[in-house]
Amino acid sequence: MNNIINSNNVGEKKLCPYKDKCYRKNPIHFNEMSHPHLEKLILNQLDEAITIPRDLEFECTDRIQLLDQLKVLQMVLRKERDKNDGSASLSKATISVTLKKEPQRDKNLDDWKAKIFKHKQDTEQKRQNKLKDMDLKAMIPDDNSCTNKKRILSTDSEQSTTKKYKNESILKEKSDDSMSFSFSSTNSQSSSSQSSSQSSLSGRSFIESFISSTDTLAKEKVRTQAIDRMRKSGYVVNLVTPGEFALKYALSAPYHYFFNRVEKSKVTHEQQFTVSFPELLDVSLGEIVNSLHINFMVELGWLCLQYLLAAQTAKMTIFYGELCDPQTSLPPNINLIQVKLPTAYGCHHSKVSIIKYNDGGIRIIVSTANLYSDDWDNRTQGLWMSPHLPQLPDSANPSDGESPTNFKKSFREYLAAYHNPKLVEWEHLVKKADFSSVNVFFIASVPGSHKGRSLNSWGHRRLAAILNDHAVLPADAPQWTLVAQSSSIGVLGPNFDSWIGSNIVFSMSREKVKGIKSNPNFQFIYPSLKNYESSFDCRAGSSCFPYSRKSHEKQEWLENYLYQWKADETGRTKAMPHVKSYTRLSPDRLQIPWFVLTSANLSKAAWGTTAKAGASHYIMNYEAGVVFIPTFIINQTTFPLKESCSSNVPIFRLPYDLPLTKYKRDDVPFVGDFLHDSQKL
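Given the structure is predicted, the values throughout are model-derived calculations rather than measurements.

Peer 1: How do you make sense of the overall build of the protein chain when you look at a structure like this?
Peer 2: Summing up its helical and strand segments, the protein chain has 23 helices and 24 strands in all. Relative to its 681 residues, the protein chain shows a buried fraction of 58%. For the protein chain, the accessible area works out to roughly 29,600 Å², and carbon and sulfur atoms hold 50% of it.

Peer 1: I tried to follow the environment of Pro242 on my own but got confused; where do I start?
Peer 2: Relative to the assigned elements, Pro242 resides in the loop between helix H9 (216–232) and helix H10 (245–251). In sequence terms Pro242 and Asp282 are 40 residues apart; their C-alpha atoms lie 6.1 Å from each other. What Pro242 contacts, discounting residues up to four positions off in sequence, is Arg223, Asp282 and Val283.

Peer 1: Just to check I follow, could you spell out the pairing of strand E20 (residues 595–598) for this structure?
Peer 2: Successive side chains on a regular strand alternate, one facing one side of the sheet and the next facing the other. Going residue by residue along E20, you find Phe595 and Leu597 tucked away on one face and Val596 and Thr598 tucked away on the opposite face as well. Bridge count for E20 against strand E23 (residues 623–628) is 4 bridges, and the pairing is antiparallel. For Val596, the partnering residue across the bridge sits in E23 and is Val627.

Peer 1: Help me understand the confidence of the model for the protein chain, please; the structure alone is not making it clear to me.
Peer 2: Residues shown with low pLDDT carry predicted positions that ought not to be read at fine detail. Averaged over every residue, the pLDDT of the protein chain is 81; residues scoring 70 or more account for 77%. Counting interchain partners and residues more than four positions distant, the pLDDT-below-50 stretch residues 1–5 has 18 contacts. Ignoring residues within four places in sequence, the model shows residues 134–203, a span with pLDDT below 50, making 163 contacts including any to other chains.

Peer 1: Just checking my understanding: could you explain the sheet that holds strand E14 (residues 448–451) for this structure?
Peer 2: Working definition: the strands of a sheet are paired by backbone hydrogen bonds and lie parallel or antiparallel to each other. If you walk across this open sheet you meet the 3 strands as E14-E22-E21, and the pairing is antiparallel. Pairing within the sheet leaves two strands with one partner each, and these edge strands are E14 and strand E21 (609–610). In terms of strand pairing, E21 meets strand E22 (residues 616–619) through 2 bridges, oriented antiparallel. Residue Thr609 lies in a different strand from E22, and its bridge partner there is Tyr618. In the packing of helix H16 (residues 459–470) onto the sheet, the strands contacted are E21 and E22, and the crossing angle to E22 comes to about 125 degrees.

Peer 1: What's the story with the packing of aromatic side chains in this structure? I'm lost.
Peer 2: Ring pairs (aromatic) are described by centroid distance and by the angle formed between their planes. Under the counting rule described, the total for this entry stands at 41 aromatic pairs. Ring centres of Phe595 and Phe628 lie 6.1 Å apart, and the angle between their planes is 55 degrees; this geometry places the pair in the tilted category. With Phe595 in strand E20 and Phe628 in strand E23, this pair connects stretches of sequence that are 33 residues apart. The pair formed by Phe595 and Phe628 is uniform in burial state, with each residue classed as buried. Residue placement shows Arg363 over the ring face of Tyr249; its charged tip is 5.0 Å from the ring centre.

Here is what the cut-offs are and how they apply
Residues numbered from 1 in each chain as written. Predicted model: local features only at pLDDT ≥ 70, side-chain atom pairs only at ≥ 80, totals over all residues. Heavy atoms only, no water. Helix = DSSP H or I, 4+ residues; strand = E, 2+ residues; numbered from the N terminus. Buried < 20%, exposed > 50% of the residue type's maximum accessible area, 1.4 Å probe, protein only. Areas by Shrake-Rupley, 256 points an atom, 1.4 Å probe, with all protein chains shown as cover. Contact = heavy atoms within 4.5 Å. Pairing = 2+ DSSP bridges. pLDDT = per-residue confidence, 0-100. Axes fitted to C-alpha atoms, helices over the stretch in contact; angles between N-to-C directions. Phe/Tyr/Trp six-rings, centres within 6.5 Å; stacked < 30°, edge-to-face > 60°. Lys NZ or Arg CZ within 6 Å of the ring centre and 35° of its normal.

Next comes the structure, spelled out in structure tokens:
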């Protein structure tokens, strides 16, 4: 037993505040949080089928839910063990139990322990109630803020954190018309002590039943049953009326650019530029027959639930980097492909979807969000959605259906870069689609050392080529600040010019008018520790920022360029930014000459590094984004950031507030180590 315990890591993980009441099945959560009640069960079963004992030391109302959690934890601890020379990180509570023989039980001692346990439960409940009260008080309108006057808490702390995962256990409950949520639960091997409880849960899930439904009425019936079961069980189901998104999409012209709905910030629910995931699948856009999702982290159960809520067919192919809820069996019309990378340091980080409709047309979605619940609930995300791209006639020429921005060509090159036969069908659909209505550029990164013809095809060199050909700035261009904003930071080198100045600023200061000009100022928006401490993520004990203290100590010069995350105007200051964006800002903060929405963080792995001689460009990640250039969208040279009486052009909305707020002297950037530090205090 001792050979799998890593004493150096003991106590580094923060204890999950929900303890044995935690419903989560996300590997990121298990990497960040300790769950002693689960670790003790899985400790000796890292390489074998999981067996759950008949008698447990904690209350368990759903053994299928427990089994699913153990599968994810098994994967996490196995990875830690393989990475750390045979050792896995366990909590102090787990180790203290596994290394000591349990003493002889004494009835008085058990009664005493039960009283202590009850006291702890009551204390924890009081703490949760206190947090709920704090949340409510935090949402009280501020007399000095017009935005805050509209802000109302949509769900309380317990509902938004615990019940959001309760949807999975709700859909597992069995009655004459209810079925299991998990694809793998009915096929899981378990001990004889569980057989009776599992047999009562046999049958198809709501998801499986929904997927197999061949007509609209049958799908609607399953959807209604699932929603009814969730609501009866106390789950808050926030639904957008099906059939209405087409109008919201039309009104989003000419940008077709959205932010996600933030569950805990009710003001975002009514915004015209806000979208929930089921809206992207809305029936008003067409009847879906197939989907392709290319993403980093995918929570398959959550994703299928979105299709169910939208009453759309969940036939799909998924290219992914990490799967949040591993499945032992899948319906035949869900195809999973894990993307293999050429180096251990790269990441399949793109977030792209293609939706195919029954009329043969498609839509493309380019997003900053992973396909799992945390990313869509209370964080800030951005996405672009294409118009409906109809199928070209059979008589069309190969060059037909291209957009003025050559989006189609760029997108086909990106799909082809995977060299995977599972994408051939989708490459053909793109080839046969009419992209003439698309008004943005597609920009991507793919791993490799790019030379010759492909030198300027990917990463920051691709952006430089677009700006060289199309970006128009006035004579005072050096005064237009370059503003970058992302949710992670790479290792950037010993000084500003090591990579940011020589690669990012060099490429992002390109413009159509050539000439010798000085480089613009550089400002970087990244949440400070204080930003995080007041956020929804902090309350949930989670984070989407993998930046480490060790990395920052190597590049403290970056603090000279750091600015706070603030988005009061859209009600998203507390919704930590997973969105990534880049732009140039006019000195009066009223205009921008271009805008990039992308999955690419500020890192060499994402954007690439150009060799000093300029003959090669090395990238480690897959990334995807879109570039907005005004001349292709509004026939002007800049996008307006404020409404003007003299123009009918709609404003272009940045993810953050202007003017930017510089870090104060005592501010520090948030690092993931904070989660571990807070546990030690």
